[in-house]
Amino acid sequence: MGAQKTERDEEFRAFIAGAWTRLLRTAYLLAGDAHAAEDLVQQALERAYVAWGRVRAADDPHAYVRRILVNEHARRFRRRPPEQLVTAVPERAGPEGPDGFERLDERAALLAALGALPPRQRQAVVLRYWEDLSETRTAAAMGCSVGTVKSQSAKGLAKLRAATSLSGMTTIGGRG
C-alpha cells in the first residue's frame, strides 16, 4: 500500500508541476486577484488529489482539473458577492519593451473590464479566448450546453467591446 501511495503522490506531483502555471493563469482571470487565484488552484488541486484515480483515468486530466477549478470558482460566487472577489490588478515591476507602460495600462484596463463581467460570462470568455478551448470543451468545463457558451461568450465580448476603458485597444475577441 505504501509503494502505491508513493507512486500516486509522484504522479500527482508531476501533474502539478506541468499544470500549475496554466491553472493559475486561468484562476487569475476568473478571480481577478493573485491571492484568490492561488487559493482557487489549491482548492481545485485538493479535490483533484482526493479523486486522483478518476482524474488520471480521464482522457484529459488537465481538462478534468480545469472543470474542478471552474466549479470551485462558481461555488465562491454562491458564497460571496462578486465585489469581494474582484480587486485591483497587481502592478508590474517594469516595462515589457518599448511600449511597456502602454501595454501595462491596456492589460490593467482589460483585466478590470473582465473582472466587471458577470461570473458565467467571465468564465465563457476566459475559457474560450484565453484558454483557447473549443465551444464544446468550454461547455464541458462550465457544465452547460454549447448554446449557453455561445450566448455567454457573445454577451461578455459585447460588454468588453462597449467598455469605454478599452476603446483605444485593438480587437477584442478575434473569433466570430
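That block above? That's the structure.
Before going into details, it helps to say that this report is about the structure given with it. As the structure is a prediction and not an experimental result, all values here were calculated from the model. (Residues numbered from 1 in each chain as written. Predicted model: local features only at pLDDT ≥ 70, side-chain atom pairs only at ≥ 80, totals over all residues. Heavy atoms only, no water.)

### A closer look at the overall build of the chain
For the record, the criterion: Numbering of helices and strands runs from the N terminus; a helix is a DSSP stretch of H or I covering at least four residues, while a strand is a stretch of E covering at least two. Exposed residues in this analysis have more than 50% of their type's maximum accessible area, buried residues have under 20%, and partly exposed residues fall in between, with area computed by a 1.4 Å probe over protein chains only. Note on contacts: a residue pair qualifies if any of its non-hydrogen atoms lie within 4.5 Å across the two residues. Where accessible areas are quoted, they stem from the Shrake-Rupley method and a 1.4 Å probe; at the residue level, only the protein chains shown are allowed to cover.
Along the backbone of the chain there are 8 helices and 0 strands. A buried classification covers 39% of the 176 residues belonging to the chain. Intrachain contacts of the chain at a sequence separation of at least 6 include 65% that bridge at least 24 residues. Roughly 9900 Å² of accessible area belongs to the chain as shown, and the carbon and sulfur atoms make up 53% of that amount.

### Looking at the pattern of salt bridges
If the charged atoms of two oppositely charged side chains come close together, the side chains can form a pair. Selection rule: Basic side-chain nitrogens of Lys or Arg form a salt bridge, by our definition, when they fall within 4 Å of a carboxyl oxygen of Asp or Glu.
In the structure shown here, the tally under the stated rule is 9 salt bridges. Residues Arg-25 and Glu-131 are paired through a salt bridge, measuring 2.9 Å at the closest nitrogen-oxygen approach. Of the two residues, Arg-25 sits in helix 1 (residues 2-31) while Glu-131 sits in the loop between helix 6 (119-130) and helix 7 (135-142), which places them 106 residues apart along the sequence. For Glu-131, a relative accessible area of 8% gives the class buried. The salt bridge involving Glu-72 is made with Arg-75; its shortest N-O contact spans 2.8 Å. Pair noted here: Glu-72 and Arg-75 are both in helix 4 (residues 61-79), with a separation of 3 residues, about one helical turn. Ionic contacts of the salt-bridge type, sharing partners, join the residues Arg-22, Arg-25, Arg-66 and Glu-131 into one network.

### Quick look at the packing of helix 6 against helix 7
Cut-off, in case you're wondering: Whenever a helix is involved, its axis is fitted only over the stretch in contact; in every case the axis is a line through C-alpha atoms, and angles between N-to-C directions fall within 0 to 180 degrees. Working definition: roughly parallel below 35 degrees, roughly antiparallel above 145 degrees, roughly perpendicular at 65 to 115 degrees, and oblique for all remaining angles. Crossing handedness is read from the near helix: turned anticlockwise from the far helix by less than a right angle, it gives a left-handed crossing, and turned clockwise, a right-handed one. Three classes are used: nonpolar for Ala, Val, Leu, Ile, Met, Phe, Trp, Tyr, Cys and Pro, charged for Asp, Glu, Lys and Arg, and polar for all others, with Gly counted as polar.
Between helix 6 and helix 7, whose axes approach to 10 Å, the crossing angle comes to 135°. With respect to their mutual orientation, helix 6 and helix 7 come out oblique. Handedness of the crossing formed by helix 6 with helix 7: right-handed. Along the contact surface, helix 6 presents Arg-120, Gln-123, Ala-124, Leu-127 and Arg-128, while helix 7 presents Glu-135, Thr-138, Ala-141 and Met-142. Broken down by class, the residue content of the contact of helix 6 with helix 7 amounts to 4 nonpolar, 2 polar and 3 charged.

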